[in-house]
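Analysis of the macromolecular model
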Amino acid sequence: MAALLTGTLVLAGCAKDGGGGGADNADGQGCELNPPPAAAAPPAPPTQPPAPPEAKQLRVGLAFDIGGRGDASFNDASVAGLERAKAEMGFTDVKELDAGAGEPEDAKQTRLRQLAREGYNPVIAVGYAYADAVKVVAPEFPGTKFAIIDEQIEGVPNVTSLVFAEEQGSFLVGVIAAHRSKNCQVGFVGGVETPLIQKFQAGFEAGAKAAAPDIEVDSKYLTPAGDFSGFQDPNKGAEVATGQLESGADVIYHAAGASGKGVFSAVKQADAKAIGVDSDQYNQPTVAEYKDVIISSMLKRVDLAVYDYISAVARNDLGSLPEKFDLSLDGVGYSTSGGMVDDLVPVVDAYKNAIANGDIKVSDKP
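An unreviewed UniProt entry lists the chain under the name Basic membrane protein A, from Saccharopolyspora hordei. Among the UniProt annotations of the chain, the heading Subcellular location (unreviewed entry) holds the following wording: "Cell membrane". Check the Sequence similarities (unreviewed entry) section of the UniProt entry for the chain; it says "Belongs to the BMP lipoprotein family."

The helix and strand inventory of the chain stands at nine helices and 13 strands. Taking all 366 residues of the chain together, 57% fall into the buried category. The long-range share in the chain, meaning contacts at least 24 apart out of those at least 6 apart in sequence, stands at 69%. In the structure as shown, the chain presents an accessible area of about 14,200 Å², 48% of it carried by carbon and sulfur atoms.

Turning our eyes to something else, we now look at the sheet that holds strand β5 (residues 146–149). Adjacent strands of a sheet pair through backbone hydrogen bonds, lying either parallel or antiparallel. The strand order across the open sheet built from five strands is β3-β2-β4-β5-β6, with neighbouring strands paired in parallel fashion. Of all the strands in the sheet, the pair left with one neighbour each is β3 (93–97) and β6 (159–162). Across this sheet, the average inter-strand angle for adjacent strands is 20°, counted without regard to direction. Relative to strand β4 (residues 123–125), strand β2 (residues 59–63) runs parallel, the two sharing three bridges. Following the sheet pairing, G61 is matched in β4 by V123. Across the sheet, helix α8 (residues 302–315) lies against β2, β4, β5 and β6, angled at about 170° from β5, the strand it touches most.

Across all of its chains, the model carries eight aromatic pairs by this definition. Geometrically, the ring pair formed by Y128 and F228 is tilted, given 5.9 Å between the ring centres and 55° between the ring planes. Of this pair, Y128 sits in the loop between β4 and α3 (131–137) while F228 is found in the loop between β8 (216–224) and α6 (234–246), placing the two residues 100 residues apart along the sequence. Measuring from ring centre to ring centre gives 5.0 Å for F204 and Y253, while their planes differ by 40°; the resulting arrangement is tilted. Here the residue F204 occupies a position in helix α5 (residues 195–211), and Y253 occupies one in strand β9 (residues 251–255), the gap between them amounting to 49 residues.

What follows is about the environment of T194. Note on placement: T194 falls in the loop between β7 (185–193) and α5. Between the alpha carbons of T194 and Y221 there is a distance of 9.5 Å; along the sequence they are 27 residues apart. Those residues in contact with T194, other than ones at most four positions away along the chain, are Y128 and A225.

Our focus in this paragraph is the state of the cysteines. Evaluated as defined, the whole model comprises one disulfide. Paired by a disulfide, C31 and C184 hold their sulfur atoms 2.3 Å apart. Sign of the S-S torsion, about 110° for the bond between C31 and C184, identifies this disulfide as right-handed. Here C31, found in the loop between β1 (3–4) and β2, pairs with C184, found in the loop between α4 (166–180) and β7; they are 153 residues apart in sequence, far enough to count as distant. Overall, C31 belongs to the buried group, its relative accessible area being 0%. For C184, a relative accessible area of 0% gives the class buried.

About the thresholds
- Residues numbered from 1 in each chain as written.
- Predicted model: local features only at pLDDT ≥ 70, side-chain atom pairs only at ≥ 80, totals over all residues.
- Heavy atoms only, no water.
- UniProt positions renumbered as here; feature names shortened; annotations may be inferred.
- Helix = DSSP H or I, 4+ residues; strand = E, 2+ residues; numbered from the N terminus.
- Buried < 20%, exposed > 50% of the residue type's maximum accessible area, 1.4 Å probe, protein only.
- Contact = heavy atoms within 4.5 Å.
- Areas by Shrake-Rupley, 256 points an atom, 1.4 Å probe, with all protein chains shown as cover.
- Pairing = 2+ DSSP bridges.
- Axes fitted to C-alpha atoms, helices over the stretch in contact; angles between N-to-C directions.
- Phe/Tyr/Trp six-rings, centres within 6.5 Å; stacked < 30°, edge-to-face > 60°.
- Disulfide = S-S within 2.5 Å.

This is the structure we're talking about:
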């Protein structure tokens, strides 16, 4: 099992028709469930950084990943952090540049160079696809501060890496999926099969199996590593999710960017349940037609990381940023919008506290 669980977890079997003497989910069917970890005090809340100074002269450049504004996921989360920073710090000069599906690698370098040459500082690269481009371009502009989301870059002094414990947040929604599955079978749809997206898969599988050891988890990817179209292909998302639903999965979690819209569409057509990613997708306007099947979302606080980074730049205090945005910092989590998992909050929070306190270790590899 990917998680090292505390002794409070009692292993129990999974009965697809319920019964067997274990604790069933709210519908009285589905998996036989483990009790959650024993109640533990939550970790101390993260220290709040000082209020950012006025930064009206700040000029911020944002280079989007595939999907850009309106993806209802990763890119929109970065926009939320930028908009909050603008409102609180008073700057107005922002430039956003979009990525194109299937674009050559040098297009990313060109985009970053354009922002730096035009005087935007800091420049934020949204997504690990920019890793190679940042390594090339940042040394060319030593006076410009760069940040990259989702990639750890060492040895380039003007680059800040903003990374997350995606496996921890995904563990929590895996617990939710196990509690809500009537068939004791759930699905994971990843956009592109890379080590980053495998962190989502690993956490989801571990959380589902922690809650219901014999649950079946069907994990599939839309495209292999190197083919980033998996983040912008709703039709393929719908196709893969439909296959999982037809095989018996009744709760599907996606980490597929804009392709998640197709996953939601398939889930709604099958009258099943879905779990969103990155942003609180229940509240995202571009997927509003599917909100009745989105029971929760794994919150990856890209908005928080972008806001904190811009704030640290404004204070000239980049050293105040954490090495990783994890559960102990509320850098990842889960949403309750729509009220469809309100009854599970005590259970999920018990796992959340155990992870944040270090009592449960979640692997970042499937």
